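# Topology and contacts: notes
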Amino acid sequence: YGPPSLSEAADAAAGTSAFCPINPSSRHIVERQSRMLNFRVEYRQRSVELVVEEGSTVGEIKQILETELGVPVSKMQLKGWKSGDVSDSMVLRSLHLPKNNSLYVLTPDIAPTASTSKNSALQDSLNQNFLLVISHREAQRDYNLNFPGSRTIQEVKRNISDLTNIPVRHQQWEGWPASASDDSMTLALSGISYPCHHLSVCRRSSPANAQEPTEECADVHMISDSEGDDYEDASEFGVDDSEMFGVGSSSCRKSPMMPENSENETDALIHFTSEFSSRYGETHPMFFIGSLEAASQEAFHGKARDRKLLAIYLHNDDSVLSNVFCSQMMCADSIVSYLSQNFITWAWDVTKEANKSRLLTMCTRHFGSVVTQTIRTYTTDQFPLLLIVMGKRTSNEVLNVIQGNTTVDELMMRLMGAMEIFTAQQQEDIKDEDEREAREMVKREQDEAYRLSLEADRKKREAQEREEAEQFRLEQMRKEQEEEKEAIRLSLEQALPPEPDEESGEQISKLRIRTPSGEFLERRFLGSCKLQVLFDFVASKGYPFEEFKLLTTFPRRNITQLDPGSTLLEAKLFPQETLFLEAKE
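Residues numbered from 1 in each chain as written. Predicted model: local features only at pLDDT ≥ 70, side-chain atom pairs only at ≥ 80, totals over all residues. Heavy atoms only, no water.

Going by an unreviewed UniProt entry, the protein carries the name UBX domain-containing protein and comes from Astatotilapia calliptera.

### So, the overall build of the protein
The condition that has to hold: Per the convention used, a helix needs a DSSP run of H or I reaching at least four residues, while a strand needs a run of E reaching at least two, with both numbered from the N terminus. Classification of residues uses two cut-offs on accessible area relative to the type maximum, computed with a 1.4 Å probe and protein chains only: under 20% is buried, over 50% is exposed, and between them is partly exposed. Residue contacts follow a heavy-atom distance rule, with two residues in contact if any of their heavy atoms lie within 4.5 Å. The Shrake-Rupley method, run with a 1.4 Å probe sphere, supplies the accessible areas, and residue values consider only the shown protein chains as cover.
Secondary structure assignment for the protein yields 16 helices and 16 strands. Considering the protein as a whole, with its 585 residues, one finds that 40% of them fall into the buried category. Residue pairs at least 24 apart in sequence account for 66% of intrachain contacts in the protein once pairs closer than 6 positions are excluded. About 33000 Å² of surface is accessible on the protein, with carbon and sulfur atoms providing 49% of the total.

### Some thoughts on the side chain of His284
Convention followed: As used in this structure description, the phrase polar contact means that two N or O atoms lie within 3.5 Å; if the pair is within protein, one of them must be able to donate a hydrogen and the other to accept it, and residues adjacent in sequence are counted only when both atoms belong to side chains.
On the secondary structure map, His284 appears in the loop between α8 (265-280) and α9 (292-300). For His284, the side chain forms a polar contact with the side chain of Ser277, separated by 2.8 Å. Residues within four places of His284 in sequence aside, it is in contact with Thr273, Phe276, Ser277, Met330, Cys331 and Val336.

### Description of helix α10 (residues 322-330)
Along α10, the positions that sit buried rather than exposed are Ser322, Val324, Phe325, Cys326, Met329 and Met330. As for α10, its buried residues are in contact with β6 (141-148), α8, β9 (309-315), α11 (333-342), β12 (396-403) and α14 (408-444).

### Quick notes on the environment of Cys529
For Cys529, the position within the fold is in the loop between β14 (520-526) and α16 (531-540). Given a relative accessible area of 14%, Cys529 falls into the buried group. Along the sequence, Cys529 and Ser566 sit 37 residues apart, while their C-alpha atoms lie 8.2 Å from each other. For Cys529, the contacting residues outside a window of four places in its chain are Ser566, Thr567 and Leu568.

### Some thoughts on the nonpolar core
For clarity, the threshold we go by: Remark: nonpolar core denotes a set of buried residues (Ala, Val, Leu, Ile, Met, Phe, Trp, Tyr, Cys) joined through side-chain atoms within 4.5 Å.
Among the nonpolar cores identified, the biggest contains 57 residues, and Phe276, Leu310, Trp346, Trp348 and Leu415 are the most heavily contacted of them. Contact partners of Leu310, with chain neighbours within four places excluded, come to Leu292, Ala295, Ser296, Ala299, Phe300, Ile344, Trp346, Phe367, Leu387, Ile388 and Val389.

### Points about the sheet that holds strand β4 (residues 100-106)
Spelled out, the test is: A pair of strands is labelled paired if DSSP reports no fewer than 2 bridges between them. Where helices are involved, their axes are fitted lines through C-alpha atoms of the stretch in contact, as for all axes, and angles between N-to-C directions lie from 0 to 180°.
Taken together, the 4 strands give an open sheet; going across it, the order is β2-β1-β4-β3, and neighbouring strands pair in mixed fashion. The open sheet is flanked by β2 (46-53) and β3 (77-79), the only strands paired with a single partner. Strand-to-strand twist of the sheet, defined as the mean angle between neighbouring strand axes without regard to direction, takes the value 30°. Contacting β1 (36-43), β2, β3 and β4, helix α2 (residues 58-69) crosses the sheet at an angle of about 140° to β2.

### Let's talk about the sheet that holds strand β13 (residues 508-514)
An order of β14-β13-β16-β15 is seen for the 4 strands of this open sheet, with the pairing classed as mixed. Looking at which strands have only one partner, the edges of the open sheet turn out to be β14 and β15 (548-552). For this sheet, the mean angle separating the axes of adjacent strands, direction not counted, is 30°. Relative to β14, β13 runs antiparallel, the two being bridged by 7 bridges. The residue of β14 that forms the bridge with Arg514 is Phe520.

### Comments concerning the environment of Ser83
Positionally, Ser83 belongs in the loop between β3 and β4. In this structure the C-alpha to C-alpha distance between Ser83 and Leu95, which are 12 residues apart in sequence, comes to 7.4 Å.

### Comments concerning unusual backbone geometry
Looking along the chain, the bond that leaves Tyr194 and enters Pro195 is cis, with omega of 5°. Tracing the chain through its elements places Pro195 in the loop between α5 (187-190) and β8 (196-203). Here Phe554 and Pro555 are connected by a cis peptide whose omega angle stands at -10°. The topology assignment puts Pro555 in the loop between β15 and β16 (576-583).

### As for the pattern of salt bridges
Threshold: The working definition used for a salt bridge is a side-chain nitrogen of Lys or Arg within 4 Å of a carboxyl oxygen of Asp or Glu.
Applying the stated rule across the entire model yields 29 salt bridges. Linking Glu54 and Arg35 is a salt bridge whose minimum nitrogen-to-oxygen distance equals 3.5 Å. You can see Glu54 sitting in the loop between β2 and α2 and its partner Arg35 sitting in the loop between α1 (6-19) and β1, a full 19 residues away along the chain. What makes Glu54 buried here is its relative accessible area of 7%. By relative accessible area, which is 24% here, Arg35 ends up partly exposed. Residue Glu448 pairs with Arg451 through a salt bridge whose shortest N-O separation is 2.6 Å. Highlighted residues: Glu448 and Arg451, both in helix α15 (residues 447-495), separated by 3 residues, approximately one helical turn. The partly exposed category is assigned to Arg451, whose relative accessible area is 44%. Taken together, the shared-partner salt bridges connect Arg35, Glu54 and Arg93 into one network.

And the structure:
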């Protein structure tokens, strides 16, 4: 963590004098104390100020509030955490909180009295969605963003930082009401207009300019330097800069719409549907769960009377249009009903580059390179897209590509236009199918056709048997390889030296290793242990040295490139370090 600053030392000394007497003979010695966090907690018409150590838990804060507010912990919901809901056992240090924080208590099981009706309205406003129309003056562009009332002003500014590349500390705002004086304040408490509020933002040109607000903006939130000091020590918590400022991902999004490395398309679509429902509610088109090939089969390759159009929805979280398109277009009752009756709707998320490449490969295979090239021409800001595909005898045709900047009425008109074209083609297909079935019925009555059918069945059976035999052979090879890997892993696990006790008195290095799946491996090693012991431990957990590399965070170092014979002390992995595993290319 490094030596404390003068202000931290002063705070530490002040904290010591508040809780225990100081020996006069040792006043010249100032020991570093635990970092103290300030909390302002709102409950109905009351406000409570708390100062706790960052080593405390969320549950301990609730116990203090139980004494102050007279609300049982079991009926208390503590909201306002920037990372979302947290458990009572969560240690405050692990949340990487700034020094000053604002929280609020909800008690849905306790009916409000007449004196708390105002707070009841506040709780309702926290659950409302606010539409912020934010004008980026330099780019001459407007962003329409939906936020729940529980979002803070600081989180909105971080979102705008993602969209405009203007760091929060360099943003200059107009349009915030005078009551929005604290960036930790929620939108519901800030005094903005509901359901829509207009703001504008630009980059602060210089410190001199930032100190001279114009006269016509009495409600200007001029310069966004708030919370700046809270991020200066982010490295001491092991937090990456990109994570701290939300670069590349909106702070409103809790999780990606689709995981980047799903094993199959079915799992990806299940996750997509679940996340879509979580964000926008249960009223939405019924997304087809399965591969694009399966969706095409369902739409195009049944009886002509049963065929439907295929609607391919392409989502991109990096587009500012996605939120509005999903909530207002895709979830509109008329659109949901029309798509359900006339379309097979299949969806994919192209936010991640790997998922986009996977989609383009699928489109090339099923629709040809023209469709793939068409998708490539659209920029991120033009997403989301809704592709309307119609099946034909020899190929599939994209009838329409609907971009995200549309209205419900326009979207419905374009869907109905596609249906008119499809219905005309369907009638021709039904007529052709009826004639073809009549001819085939006559042909099936002939003995020669019967003989050929038997021959085809025999060949198909033989091919299936060969395929099953080949699959069995490959499965056996796979099992043997897995057994061999497991034997190596077990031998490494058994050969590991025992984990040293923290109280052993020797130099102990405590290592925390993040796996590619996001889980953490933790173990203590002697500081004199060789790096090879660390490599063997990681390999015993299923991450062999040949396939994975072990990296430090700050500064980024590839530990697997060091001499396996060197010690943890020599490799500067003492007394504790957080590492992460990354697959070798």
